[in-house]
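# Inside the fold
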2 protein chains.
Amino acid sequence: MAGDPMRRSGAGQTRRRGAALEEAILRAATDELAESGYAGLTMDKVAARAGTNKNAIYRRWPNRLTLGVAAYRRLATTTPPPDTGDLRGDVLELLRQANRYWSSPSGAILRELLAAAGGASELLAQLQGRSGDAAAAPWLTVLGRAVARGEASPEALHPRVATVAIVLLRNEFVMRGAPTAPDDVLVEIVDEVYLPLVRRRGPVPT
Amino acid sequence: MAGDPMRRSGAGQTRRRGAALEEAILRAATDELAESGYAGLTMDKVAARAGTNKNAIYRRWPNRLTLGVAAYRRLATTTPPPDTGDLRGDVLELLRQANRYWSSPSGAILRELLAAAGGASELLAQLQGRSGDAAAAPWLTVLGRAVARGEASPEALHPRVATVAIVLLRNEFVMRGAPTAPDDVLVEIVDEVYLPLVRRRGPVPT
DNA sequence: ATGGTTAAGGTACGGAACGTACCCTAATTG
DNA sequence: CAATTAGGGTACGTTCCGTACCTTAACCAT
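Chain A appears in an unreviewed UniProt entry as TetR family transcriptional regulator from Planomonospora parontospora.

In structure tokens:
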């Protein structure tokens, strides 16, 4: 704790301004977030780590949560959607990706932030590129190929339908409080719900 | 704010103990929760309102969250599942009930608590009688009748399938941060996802 | 160049709450 | 009636957010 990380006031009085300082703060915040999670992200620590003080932070972000969200966005990474050649494989892989992410450190932070953002829908939107739409993209991609192969019904391309699987998985996380879901659950979601739903449907009996 | 709600130290030194005191605390906590939400539930206020002090509280509940959950459980009420005679009507009504509840004060508190409970799965379980199972009950009831009428496939009685609609709605709340979902969304969930999923399915084309 | 404006830095503080410690006193129990 | 248990009063340590205020460096325009 006697460390002096990134201190800048040693030698000359060179003083960062504007974008450079903003970068430094955001970088410090991101590092703190990665190390200690959102709960451990304190304004004082971020200021210290960036070698500045809280004023500089509050001039840019109105409060801790906003800074946390901004910092999180640097941690978020996107993976290209899988292409295993059949729908079931793709869907399972998408769910497994999500499962891994949520149990990863980044996922834990995302959960903290979602909890803290509570009703602030503006911030929620920033945590997922526009909430629904960006999250739906890989599902639509995967389903689009399945439709082309004749594996899935074109009606399945409705976003609400397409994302059913990931929504169920998310619910599993939220309700069970566990950072990861057993693989059985993923398989169950796919086989009991998702595939029956999107598969080409035969004529509905009257 | 000069009120003296429930003060007991006026006349005699009659002093509550055990169950009586516990009741008083829980009652005070419930009232505070209803008035100010979980964010506004402070240990000092609860103690003041119950006419006691924080010691008595901490002797019974280890922290604020636990007390909050305990207090919430007195607010929770259950409504009997609807019986409109057809599946679509029942399902829509169940969703509308949920929609109303989440936009109600109690629902707001539940959301706060779910957020605060975060990873504490033990507490989460208390917020819904065993998380999944109790929440599934009305859906199974309604679906059971539909199966008997030949409206739904028996496979739909799988809990994961049966609860798909409410899970989607819950997701809507969480992701959009809104306290209430437009009725269109409920209808869409029912018509695009739920009914196609649970309805008797014809032969699947190979 | 130079003087004025803007933004950083340092520091201290107010305020809210949680959770704890300590000691006094009423209720209960043997 | 003595001893033990549990409440009551109160104060405090801590943490951390957000703000205020002043000093000083960097930038900019004339």
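And the narrative resumes.
### Things to note about the UniProt feature "DNA-binding region" (unreviewed entry) in chain A
When the UniProt feature table is mapped to this numbering, "DNA-binding region" (unreviewed entry) covers residues 42-61 of chain A. As annotated, residues 42-61 of chain A has a helix share of 65% and a strand share of 0%, and its two end C-alpha atoms lie 13 Å apart.

### Examining the protein's contact with DNA strand C
By nearness alone, 26 residues border DNA strand C, and Thr52, Asn53, Asn55 and Arg60 of chain A together with Arg64 of chain B come closest of all. When atoms of DNA strand C within 4 Å of the protein are split into backbone and base, the sugar-phosphate part holds 58%. Between DNA strand C and arginine 15 of chain B, the relevant distance is 2.9 Å, taken from a base oxygen to a side-chain nitrogen or oxygen of the residue. Note that a phosphate oxygen of DNA strand C is positioned 3.1 Å from one of the side-chain N or O atoms of tyrosine 58 of chain B. For the surface near DNA strand C, the secondary-structure elements that each account for two or more residues are helix H1 (18-36) and helix H3 (54-58) of chain A together with helix H2 (43-49) and helix H3 (54-58) of chain B. A per-element tally of the surface near DNA strand C places H3 of chain B first, with three residues.

### What about the pattern of salt bridges?
Within the structure shown, the criterion is met by 28 salt bridges over all chains. Among the salt bridges present, the one from glutamate 35 of chain B reaches arginine 49 of chain B, with a minimum N-O distance of 2.8 Å. Placement of glutamate 35 of chain B in helix H1 (residues 18-36) and of arginine 49 of chain B in helix H2 is noted, with a sequence separation of 14 residues between them. Ionic contacts of the salt-bridge type, sharing partners, join the residues Glu32, Glu35, Lys45 and Arg49 of chain A into one network.

Rules of the game
- Numbers given for residues are sequential positions, taken from 1 along each chain in its written order.
- Lettering for chains starts from A, numbering for ligands starts from 1, and both go in the order in which the items are written.
- For a predicted model such as this one, the threshold for reporting local features is a pLDDT of at least 70, and the threshold for listing and counting side-chain atom pairs is 80 or more; totals across whole chains, interfaces and linings nevertheless cover every residue.
- Side-chain descriptors were evaluated using all non-hydrogen atoms of the structure, hydrogens and water having been removed beforehand.
- UniProt positions are given in the numbering used here, feature names are shortened, and annotations may be inferred rather than shown by experiment.
- Secondary structure elements follow DSSP: runs of H or I no shorter than four residues count as helices, runs of E no shorter than two count as strands, and numbering proceeds from the N terminus.
- Residues are classed as near a molecule or strand on a simple rule: at least one heavy atom within 4 Å of it.
- In protein, a polar contact means a hydrogen-donor-capable atom and an acceptor-capable atom, both N or O and within 3.5 Å, with residues adjacent in sequence counting only if both atoms are side-chain atoms; elsewhere, any N or O pair within 3.5 Å suffices.
- We define a salt bridge as a side-chain nitrogen of Lys or Arg found within 4 Å of a carboxyl oxygen belonging to Asp or Glu.

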